[in-house]
Amino acid sequence: MPVRDRVSRHRKALKAQALVRVEVVVPEEYRDQVKAYARKLVRKRAHGQLETVRARIADAYARFGASCLDNIAVHAETATFGQARVIADALMRRGNRDAFLIGREIADAIGPA
């Protein structure tokens with residue numbers, strides 16, 4: 001794959017996650033601290049999104065367990081983004097309007113596949 005395509009895909013992925021590239025001029029001795037702080041911000045944001053997704057998964061299992069999620073065994077407390085994508089797809093395909101809306105909320109919180 002050409003470099004230009006890889007860079008383009010990377011930029012699109014960052015944009016889809018609502019992340020931006022920032023260039024900062026700092027003294028050399030603070031470089032590692034600034035990078036660590038940036039990683040912390042990204043992790044904190046991802047953790048918040050995952051908690052939101054897990055709450056919606058728990059709600060979906062409580063409301064639509066057997067009707068929409070009969071063959072999917074995921075524990076809401078330990079669900080990953082990949083598992084949440086499977087649950088969101090199942091809710092949107094198999095469920096009624098309310099299940100579709102919860103599936104859409106989960107999919108929107110995860111971002112593009």
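The rules behind these values
- Residues numbered from 1 in each chain as written.
- Predicted model: local features only at pLDDT ≥ 70, side-chain atom pairs only at ≥ 80, totals over all residues.
- Heavy atoms only, no water.
- Helix = DSSP H or I, 4+ residues; strand = E, 2+ residues; numbered from the N terminus.
- Rg over C-alpha atoms; globule rule 2.2 N^0.38 Å.
- Buried < 20%, exposed > 50% of the residue type's maximum accessible area, 1.4 Å probe, protein only.
- Contact = heavy atoms within 4.5 Å.
- Areas by Shrake-Rupley, 256 points an atom, 1.4 Å probe, with all protein chains shown as cover.
- Lys, Arg positive; Asp, Glu negative; His and termini not counted.
- Charge placed at Lys NZ, Arg CZ, Asp CG, Glu CD.
- Core = buried A, V, L, I, M, F, W, Y, C linked by side-chain atoms within 4.5 Å.
- Expected span 1.5 Å × (residues − 1).
- Salt bridge = Lys/Arg side-chain N within 4 Å of Asp/Glu carboxyl O.
- Arc of directions from axis to C-beta.

Enquirer: Any chance you could explain the overall build of the chain here in plain terms?
Expert: Secondary structure assignment for the chain yields 4 helices and 0 strands. Helices (α) and strands (β) of the chain occur, in sequence order from the N terminus, as α-α-α-α. For the chain, the C-alpha radius of gyration of 18 Å lies well beyond 13 Å, the compact-globule estimate for 113 residues. C-alpha extents for the chain along the principal axes are approximately 60 × 30 × 20 Å. Across the 113 residues that make up the chain, the buried fraction comes to 23%. A fraction of 54% describes how many contacts in the chain between residues 6 or more apart in sequence connect residues 24 or more apart. Here the chain has roughly 8600 Å² of accessible surface; of this, 54% comes from carbon and sulfur atoms. Each charge sign in the chain was given a centre, from 22 positive and 13 negative side chains, and these centres are 5 Å apart.

Enquirer: Help me understand the nonpolar core in this model?
Expert: With 20 residues, the main nonpolar core has I57, L69, I87, L91 and I106 as its most contacted residues. Contributing elements (two or more residues each) for this core: helix 2 (31–68), helix 3 (81–94) and helix 4 (97–110). Looking at which element gives the most residues to this core, the answer is helix 3, with 6 residues. Contacts of I57, omitting those with residues within four sequence positions, involve A76, A79, A84, I87 and I106.

Enquirer: Please clarify how helix 3 should be interpreted in this entry.
Expert: Residue pairs spaced three or four apart in an α-helix point in one direction, given the helix's 3.6 residues per turn. Here helix 3 contains 14 residues, and its C-alpha end-to-end distance of 20 Å stays within 8% of the 20 Å for a straight helix at 1.5 Å per residue. When we look at burial in helix 3, the residues that qualify are A84, R85, I87, A88, A90, L91 and M92. Those residues of helix 3 that are buried lie in contact with helix 2 and helix 4.

Enquirer: Is there a simple way to think about the pattern of salt bridges in this case?
Expert: Proximity of charged atoms lets side chains of opposite charge pair with each other. Within the structure shown, the criterion is met by 7 salt bridges. Each of R56, D59, R63, R97, D98 and E105 takes part in salt bridges that share partners, so that together they form one network.

Enquirer: Can you walk me through helix 4 in this structure?
Expert: Taking 1.5 Å per residue, 14 residues should reach 20 Å; helix 4 reaches 20 Å between its end C-alpha atoms and fits that length. Those residues of helix 4 not exposed but buried are A99, I102, G103, I106 and A107. Mapping the buried residues of helix 4 onto a view down its axis gives an arc of 135 degrees, with all of them on the same face. Opposite its buried face, helix 4 presents the exposed residues R97 and D108, each directed more than 90 degrees away.

The analysis is restricted to geometry; functional conclusions fall outside its scope.
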